[in-house]
Amino acid sequence: MAFSCAVDPLRIANLISSRDLYTWSFAPLDGETATSPNTSVTLTHHRFPESAACEQLFVLSVINMQLMEHSVLLNALRRIDRTCKTKNGALYSGGYIFV
């Protein structure tokens, strides 16, 4: 739900305006497709953090995120925070990363 609520309004705004007001990309740490708990698969554009510069970046997590090791993600987010003007945010339990 969090994923759809974040992306669909952007997609609909583009559709209604007949132009690209918004662009987005998906970038998992492993560079592979992302599979949600309901087994739906999202194709990704590139590996994180090798993504292109962006204005906003959102971390979207999985269930039981607190049980996983996050040093690679944390280091990448810290580097982006130091070197870019990107605004960071979180969806679903992705906020756990920023705690």
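Residues numbered from 1 in each chain as written. Predicted model: local features only at pLDDT ≥ 70, side-chain atom pairs only at ≥ 80, totals over all residues. Heavy atoms only, no water.

**Digging into the overall build of the protein**
For the protein, the helix and strand inventory stands at two helices and four strands. Written out in order from the N terminus, the α and β elements of the protein read α-β-β-β-α-β. By its C-alpha atoms, the protein is 40 × 35 × 25 Å across when sized along the principal axes. Sorting the 99 residues of the protein into buried and exposed places 19% on the buried side. Considering only contacts in the protein between residues 6 or more positions apart, those separated by 24 or more positions represent 47%. (Helix = DSSP H or I, 4+ residues; strand = E, 2+ residues; numbered from the N terminus. Buried < 20%, exposed > 50% of the residue type's maximum accessible area, 1.4 Å probe, protein only. Contact = heavy atoms within 4.5 Å.)

**Some remarks on the confidence of the model for the protein**
One rule of thumb: low pLDDT means the predicted coordinates there are not for detailed reading. Chain-level statistics for the protein give a pLDDT mean of 84 and a share of 98% at 70 or above. Of all secondary-structure elements in the protein, the lowest mean pLDDT belongs to strand 1 (residues 34-35), at 78, while helix 1 (residues 2-17) reaches the highest, 92. (pLDDT = per-residue confidence, 0-100.)

**Comments concerning the nonpolar core**
Membership of the largest hydrophobic core is limited to nine residues, which are Phe48, Leu57, Val59, Met65, Leu73, Ala76, Leu77, Ile80 and Ile97. At the level of elements, strand 3 (56-60) and helix 2 (71-83) are the ones that each hand at least two residues to this core. At four residues, helix 2 tops the list of elements feeding residues into this core. When near neighbours in sequence (up to four residues on either side) are disregarded, Ile80 contacts Phe48, Pro49, Leu57, Thr86 and Asn88. (Core = buried A, V, L, I, M, F, W, Y, C linked by side-chain atoms within 4.5 Å.)

**Quick word on a nonpolar patch on the surface**
On the surface, Leu21, Tyr22 and Trp24 cluster together into a nonpolar patch covering about 280 Å² of accessible area. Mapping Leu21 onto the fold places it in the loop between helix 1 and strand 1. (Patch = residues over 30% accessible without salt bridge, like charges linked within 9 Å, V, L, I, M, F, W, Y side chains within 5 Å. Areas by Shrake-Rupley, 256 points an atom, 1.4 Å probe, with all protein chains shown as cover. Salt bridge = Lys/Arg side-chain N within 4 Å of Asp/Glu carboxyl O.)

**Quick look at the pattern of salt bridges**
Applying the stated criterion across every chain, the model contains one salt bridge. The salt bridge involving Arg11 is made with Asp8; its shortest N-O contact spans 3.3 Å. One end of the pair is Arg11 and the other is Asp8, both in helix 1 and three residues apart, which spans about a single turn. Classification of Arg11 by relative accessible area gives partly exposed; the value is 40%.

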